[in-house]
Amino acid sequence: MKHSRLYTAMICFLIGVAMLAGSCSSGNQQKQNTDFEKGVVIPKVNCLTDESISYSLYLPSYYDDTKKYPVIFAFDAHAKGIVPVELFKEQAEKYGYILVGSNNSQNGLSSETTLHFYEVMSDDVLGRFSIDKNRVYTAGFSGGSRVASSVAIFKGGITGVIGCSAGFPALTQPISFRFDYIGFVGDEDMNYLEMVTLQDALQQAGYRHHLVVFKGIHDWPPKKRVDEAFIWMEANAMKDKKRPTDAKFVADIIDRWYKEALALEKGNNKPAAFEKVQNIIGFFDGLSDMKIYTKKLNELGASEEVAADLKRRNESSQKELALQTQYIKALNEKSAAWWRDEIRVLNQKAEDTVNDLDRGMFKRLLGYLSLAAYSNANGLLNAGQLEPAARFIELYSIIDPQNNEHAYLAACLYAKKDQPDKAFASLEQALELGFTDFSRFENDTVLARLKGDTRYFDILQKLR
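Residues numbered from 1 in each chain as written. Predicted model: local features only at pLDDT ≥ 70, side-chain atom pairs only at ≥ 80, totals over all residues. Heavy atoms only, no water.

(A) Quick peek at the overall build of the protein chain. Summing up its helical and strand segments, the protein chain has 16 helices and eight strands in all. Oriented by its inertia axes, the alpha-carbon framework of the protein chain measures out at about 70 × 60 × 40 Å. Every one of the 464 residues in the protein chain was classed for burial, and the buried ones make up 51%. Within the protein chain, contacts between residues separated by at least 24 positions form 68% of all contacts whose residues are at least 6 apart in sequence. As presented, the protein chain carries roughly 21500 Å² of accessible surface, and 50% of it is formed by carbon and sulfur atoms. Taking the average location of the 56 positive side-chain charges in the protein chain and that of its 60 negative ones, the two points are 2 Å from each other. (Helix = DSSP H or I, 4+ residues; strand = E, 2+ residues; numbered from the N terminus. Buried < 20%, exposed > 50% of the residue type's maximum accessible area, 1.4 Å probe, protein only. Contact = heavy atoms within 4.5 Å. Areas by Shrake-Rupley, 256 points an atom, 1.4 Å probe, with all protein chains shown as cover. Lys, Arg positive; Asp, Glu negative; His and termini not counted. Charge placed at Lys NZ, Arg CZ, Asp CG, Glu CD.)

(B) Highlighting the pattern of salt bridges. Throughout the structure, instances matching the rule amount to 29 salt bridges. Residue Asp-255 pairs with Lys-259 through a salt bridge whose shortest N-O separation is 3.3 Å. Linking Asp-255 with Lys-259, this pair stays in helix 6 (residues 247-266), spanning four residues, or about one helical turn. Residues Lys-462 and Glu-428 are paired through a salt bridge, measuring 2.9 Å at the closest nitrogen-oxygen approach. Of this pair, Lys-462 sits in helix 16 (residues 454-463) while Glu-428 sits in helix 14 (residues 420-432), and the two are 34 residues apart along the sequence. Residues participating in the shared-partner salt-bridge network are Arg-135, Glu-234 and Arg-243. (Salt bridge = Lys/Arg side-chain N within 4 Å of Asp/Glu carboxyl O.)

(C) Highlighting the nonpolar core. Formed by 51 residues in total, the largest nonpolar core has its most connected members in Ile-72, Ile-162, Phe-230 and Phe-284. In terms of residue count, the dominant contributor to this core is helix 5 (residues 223-239) (nine residues). Contact partners of Phe-230, with chain neighbours within four places excluded, come to Ile-72, Phe-88, Gln-91, Ala-92, Tyr-95 and Tyr-97. Grouped together as the second largest cluster of nonpolar side chains are 50 residues, Ala-350, Leu-366, Ala-411 and Ala-423 included. (Core = buried A, V, L, I, M, F, W, Y, C linked by side-chain atoms within 4.5 Å.)

(D) The arrangement of the sheet that holds strand 7 (residues 180-186) in detail. If you trace the eight strands from one edge of the open sheet to the other, you get 1-2-4-3-5-6-7-8, paired in mixed fashion. A strand with exactly one partner marks an edge of an open sheet, and here the two such strands are strand 1 (41-46) and strand 8 (209-214). The sheet shows a mean angle of 20° between the axes of neighbouring strands, direction not considered. Across four bridges, strand 1 lies against strand 2 (residues 54-58) in antiparallel orientation. Considered in strand 2, the bridge of Asn-46 is made with Ser-54. Helix 4 (residues 192-205) contacts strand 6 (160-164), strand 7 and strand 8 of the sheet and is inclined by roughly 160° relative to strand 7. Along the sheet, helix 5 contacts strand 3 (69-75), strand 5 (131-141), strand 6, strand 7 and strand 8; its crossing angle with strand 7, the most-contacted strand, is approximately 170°. (Pairing = 2+ DSSP bridges. Axes fitted to C-alpha atoms, helices over the stretch in contact; angles between N-to-C directions.)

(E) Up close: empty space enclosed by the protein. Enumeration according to the criterion identifies one cavity of 30 Å³ or more in this entry. Looking at the largest cavity, its volume works out to about 30 Å³. In this structure, the largest cavity is lined by Tyr-137, Thr-159, Gly-160, Asp-180, Trp-232, Met-233 and Asn-236. Here the residues of the lining of the largest cavity sort into three nonpolar, three polar and one charged. (1 Å grid on protein atoms, 1.4 Å probe; cavity = no way out; pocket = protein on both sides within 12 Å on 5 of 7 lines; lining within 4 Å. Points joined across faces, edges and corners; volume = space filled by probe spheres on them. Nonpolar A, V, L, I, M, F, W, Y, C, P; charged D, E, K, R; others polar.)

These results come straight from atomic positions and should not be treated as a statement about function.
Dropping the structure here:
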């Protein structure tokens, strides 16, 4: 798995923001070429002004050019636009959204490049389809989540962002545009702390925000949790008068969630019940009377169980942050032998620890170290600092031995060192570990220097 860049602090974001969102990219094209099949995922639509830029598309089965539809522009970390479109299509059909997934945006590209992809794609979609320009959303996973946020932050015209497993890009100035934000992160995701910290920053800055934590690792959210993003967007659109209020829709969800909260409370899980009632108020305050739910929230919040749970979570976060700091220092100072012992201990703790919070923390630390090792190795390799890069590639292989990326980076290192035998051995290892990215290998300018060797074409054939 190719990792995204490390998250950087966004202190400047906390400075006051006031300017309302600007208008989104306006398509001046006449509506044309709209004869697309409805109710099915179309893997590739080439943009009219630049056919090298394309997107995956989903139109609701009842799409009609005479009506306006909200749209979600989605960005996968690996330029697989079909992934988020497939993930969101059931809700898009249910709630009436157009889905657009970029086939170009991926990790490792500059922000200028990814924003250009969005501009071309956005103009194409606005030119072809009937879009409600007051309801334009972005979504993304990992590095794609930073792209989704970047569009809202730097381009404007975005109503809301669905950020999955990564937060904002590095910021050097206050944000001028307003948008809603709903985040998703796995409880074993190395970016878990980043996503929690982002919610605190959004709260202080006065943004509407929500975070969904699911059982899982660094990935798009599971299908069963996606509906929460659409409920969030629909509820906020009602509050902002961007769509008519649907009293039955609101009442049905509140009733379902409150019954779930009461069942959790009855089952002696007051912290989970507290969170569920919080969600009712956060999603629907302003659309329904909240007196009953505010009273229940205060009642649950005063319980010893909820107070103790909050304390444990805060202590766990502080402990994790301290360990991250120690380990980053150790990456630059400790030997490979030290890291072999430390990773063995961390893996043992991740397997044997009974406490859910600590077990999740140890697994997140392993992911965090994998990401840090990759980022250092890749950065040094690109900078031509081959010996320091070699050290971090070795550490990467120790920290995350089942990740094919360390073997691929090793192949690039040996190619740069003009050691083809070692390069091809590393490529074979990458394939054994599950490397399947034919396009990346074929277009890799570093590995292109191996093309004079017949083994290069053997690798190509295996990837095919």
